[in-house]
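Commentary on secondary and tertiary structure
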Amino acid sequence: MSKNDTARHDALIEDIRSRFGERLLGADRSFDDCALLVDRAIVHDVLAFLKNERRFNLLMDIVGLDCMNLPSYRERFELGYNLYSIPDDLRVRVEIAVSELDMDVPTATDLWKSANWAEREAFEMFGFNFTGHPCLKRLLTHHEFKGHPLRKDYP
């Protein structure tokens, strides 16, 4: 990563912090990466801001993580949105902590059509419930399949 990318990531973090305040829970700059940990309640607002005002026009992936038995995590699950700005040649990851007792997360399909299948995969593999999703049903396993195979407690 160049010094220019570092400066652009720093500016992005400050822009998010000035817009969302304490709801930006943290920013991780390790390994020349930029990850923003945000409050789950504002994740859709942050994603919309990044797409519409900061030109992150490509949702590369949505990834789930089961943090069971990892002492440094706030909740059992984490959800990450990998974004890329084609015009600015810049990447960012937006992360949220998700409780096992409340797996509801707002859909991002209204922002990026590519969120459709990524959210369906995260729903199927981990059990995230993307509220407002147009067709949240299994994608990779048969309709009678029980459980979520990427959870650490899956038999």
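Structural data are supplied above this passage.
The text that follows walks through the structure, step by step, so that each part is easy to find. (Residues numbered from 1 in each chain as written. Predicted model: local features only at pLDDT ≥ 70, side-chain atom pairs only at ≥ 80, totals over all residues. Heavy atoms only, no water.)

Take the overall build of the protein chain next. Along its length, the protein chain carries 3 helices and 7 strands. Its helices and strands taken in sequence order, the protein chain reads α-β-β-α-β-β-β-β-α-β from the N to the C terminus. Overall, the protein chain is about 50 × 35 × 25 Å in size when its C-alpha atoms are taken along their principal axes. The buried share of the protein chain, taken over its 155 residues, is 40%. Intrachain contacts of the protein chain at a sequence separation of at least 6 include 54% that bridge at least 24 residues. For the protein chain, the accessible surface area stands at approximately 8,500 Å², while carbon and sulfur atoms represent 50% of it. Side-chain charges in the protein chain split into 21 positive and 27 negative, and the spacing between the mean points of these groups amounts to 3 Å. (Helix = DSSP H or I, 4+ residues; strand = E, 2+ residues; numbered from the N terminus. Buried < 20%, exposed > 50% of the residue type's maximum accessible area, 1.4 Å probe, protein only. Contact = heavy atoms within 4.5 Å. Areas by Shrake-Rupley, 256 points an atom, 1.4 Å probe, with all protein chains shown as cover. Lys, Arg positive; Asp, Glu negative; His and termini not counted. Charge placed at Lys NZ, Arg CZ, Asp CG, Glu CD.)

Next up on the list: helix H3 (residues 115–126). Counted at 1.5 Å a residue, the expected span for H3 with its 12 residues is 16 Å, and the 16 Å between its end C-alpha atoms agrees. Residues of H3 that are buried include every one of Ala115, Ala118, Glu119, Arg120, Ala122, Glu124, Met125 and Phe126, and no others. Where H3 is buried, its residues meet strand E3 (58–66), strand E4 (77–85), strand E6 (104–106) and strand E7 (129–131). Backbone geometry just downstream of H3 places Gly127 in the positive-phi region, at approximately 100°. (Expected span 1.5 Å × (residues − 1).)

Summed over the entire model, instances satisfying the criterion amount to 14 salt bridges. Linking Asp5 and Arg8 is a salt bridge whose minimum nitrogen-to-oxygen distance equals 2.4 Å. Of the two residues, Asp5 and Arg8 are both situated in helix H1 (residues 3–20); the distance of 3 residues between them amounts to about one turn of the helix. The exposure class assigned to Asp5 is buried, which follows from its relative accessible area of 18%. Here Arg54 and Asp15 are joined by a salt bridge, their closest N and O atoms 2.8 Å apart. One end of the pair, Arg54, is in the loop between helix H2 (43–52) and E3; the other, Asp15, is in helix H1, with 39 residues separating them in the sequence. Accessibility expressed as a relative area gives 21% for Arg54, which makes it partly exposed. What makes Asp15 partly exposed here is its relative accessible area of 26%. In the salt-bridge network here, residues are joined through shared partners; they are Asp66, Arg76, Glu100 and Asp153. (Salt bridge = Lys/Arg side-chain N within 4 Å of Asp/Glu carboxyl O.)

It is worth spelling out the environment of Ile42 at this point. Within the element layout of this structure, Ile42 appears in the loop between strand E2 (35–38) and H2. Residues Ile42 and Ile96, 54 residues apart in the sequence, show an inter-C-alpha distance of 9.6 Å.

What follows is about the sheet that holds E4. If you walk across this open sheet you meet the 5 strands as E1-E2-E5-E4-E3, and the pairing is mixed. Of all the strands in the sheet, the pair left with one neighbour each is strand E1 (24–28) and E3. Averaged over all neighbouring strand pairs, the angle between strand axes comes to 20°, with direction disregarded. As paired elements, E2 and strand E5 (residues 90–98) share 3 bridges and run parallel to each other. Its bridge partner lying in E5, Leu36 is registered against Val94. Strands in contact with H2 are E2, E4 and E5; relative to E5, the strand with the most contacts, it is inclined by about 175°. Along the sheet, H3 makes contact with E3 and E4, crossing E3 at roughly 5°. (Pairing = 2+ DSSP bridges. Axes fitted to C-alpha atoms, helices over the stretch in contact; angles between N-to-C directions.)

Geometric values such as these leave the question of function open.
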